[in-house]
Amino acid sequence: MKGWTSSQRIGGQSGQECPLYTELQRARISTASIIYLGQVLDSDLIELAPSILAADFAHLAEQVERATAGGGSVVHVDVMDGHFVPNLTVGPPLVKCLRQATRLPLDCHLMIEDPDRYIAEFAEAGADWISVHQEACRHLNRTLSFIKSYKCRAGVVLNPATPVETLSEVLEIADYVLVMSVNPGFGAQKFIPATLDKMRKLAEMRAARGYAYRIEVDGGVGMDTVGEIVRAGAEILVAGNAVFGKGDPKANAQALVEAARSASFERV
Ligand code: DX5
Ligand code: ZN
């Protein structure tokens, strides 16, 4: 299964370092059970997903390596088609190259019309997670199932103006929900505070219905916003400009990870 098994996490503990893991070993609980338990507990973990949109593409592998060294544990790839959003970026060939450059999960955020046409290509290029916009899918249930048929994690994305209630009937099958906290298309935009309420609602709906999707946030995540975002319930934090914009991606990622970790202790 692709996805929720990265080795570096904001929680700071890979399986072997975790005291619970040691206890279970002492109790002679099988490794398979521990791995299973690890996956269940993953829903509580907070991860940083550096977005390569803001990286120096001439030195992409090196930039991803720096961000990984700073605690990034998922690589976020923004795919734009010039139709769904007013910008153009990258496609499967870049994903294929990145697949050779990192072992981290590749999180492909498809900001494109008719995403069904390209899902196979992204999966074959090495995508681990694929997310599609609710606003771009006529048959969302079918599209999410299609992504899963390629053994990828299936995510659904909401633009700032789209209510979480529009996902009511697909939340059960979504592996993650991505809350756009800016209007998609460009990096380095200002975080939209009203989207915090959507993260809270998604966390409440998950608890009430016993679902397992994770909550991802994308847009304007930085040192000034990460605390409230984590307290609102987001678990996968996409950050482009705050990691690659200026300075060292490693130091930038470390600072975000540290701030997210502190905020996670303040969650209610
Ligand atoms: C915007 C993209 C984002 C972008 C975020 O449409 O989906 O992933 O990289 O950029 P920052 O973190 O700079 O707001
Ligand atoms: Zn994105």
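Everything here concerns the structure above.
A short tour of the structure in this document, coming up. Being a predicted model, the structure only gives us computed values, none of them experimental.

About the criteria used
- Residues numbered from 1 in each chain as written.
- Chains lettered and ligands numbered in written order.
- Predicted model: local features only at pLDDT ≥ 70, side-chain atom pairs only at ≥ 80, totals over all residues.
- Heavy atoms only, no water.
- Phe/Tyr/Trp six-rings, centres within 6.5 Å; stacked < 30°, edge-to-face > 60°.
- Helix = DSSP H or I, 4+ residues; strand = E, 2+ residues; numbered from the N terminus.
- Buried < 20%, exposed > 50% of the residue type's maximum accessible area, 1.4 Å probe, protein only.
- Pairing = 2+ DSSP bridges.
- Axes fitted to C-alpha atoms, helices over the stretch in contact; angles between N-to-C directions.
- Contact = heavy atoms within 4.5 Å.
- Salt bridge = Lys/Arg side-chain N within 4 Å of Asp/Glu carboxyl O.

## A look at the packing of aromatic side chains
So, step 1. Tallying each qualifying case throughout the model produces three aromatic pairs.
So, step 2. Here the aromatic rings of Trp 129 and Tyr 176 are separated by 5.2 Å at their centres, their planes lie at 55°, and the arrangement is tilted. Taken as a pair, Trp 129 in strand E4 (residues 129-133) and Tyr 176 in strand E6 (residues 176-180) lie far apart in primary sequence, 47 residues in all.
So, step 3. On the accessibility criterion, Trp 129 (0% relative accessible area) is buried.
So, step 4. Considering the side-chain rings of Tyr 211 and Tyr 213, the 6.5 Å spacing of their centres and the 55° angle between planes classify their relative orientation as tilted.

## What to know about the sheet that holds strand E7 (residues 214-218)
So, step 1. A sheet is described by the order of its strands in space; here eight strands give the open sequence E1-E8-E7-E6-E5-E4-E3-E2, paired in parallel fashion. Strands at the two margins of the open sheet, each flanked by one partner only, are strand E1 (47-50) and strand E2 (75-80). The average undirected angle you get between the axes of adjacent strands in this sheet is 25°.
So, step 2. Across four bridges, the pairing between E1 and strand E8 (residues 236-239) is parallel. The residue of E8 that forms the bridge with Glu 47 is Ile 236.
So, step 3. In this fold helix H4 (residues 92-101) packs onto E2 and strand E3 (106-111), with an angle of close to 165° to the strand it touches most, E3.
So, step 4. Here helix H6 (residues 140-149) sits on the sheet in contact with E4 and strand E5 (153-158), set at roughly 145° to E5.

## So, the pattern of salt bridges
So, step 1. Scanning the model with the defined rule gives ten salt bridges in all.
So, step 2. One salt bridge in this structure joins Glu 258 and Arg 261, with 3.3 Å as the shortest N-O distance. In this pair, Glu 258 and Arg 261 both sit in helix H10 (residues 249-264), three residues apart, roughly one turn of the helix.
So, step 3. Among the residues examined, Glu 258 registers a relative accessible area of 40% and is labelled partly exposed.
So, step 4. On the basis of relative accessible area, Arg 261 is assigned to the partly exposed category, the value being 29%.
So, step 5. Taken together, the salt bridges that share partners define one network made up of Lys 148, Arg 153 and Asp 175.

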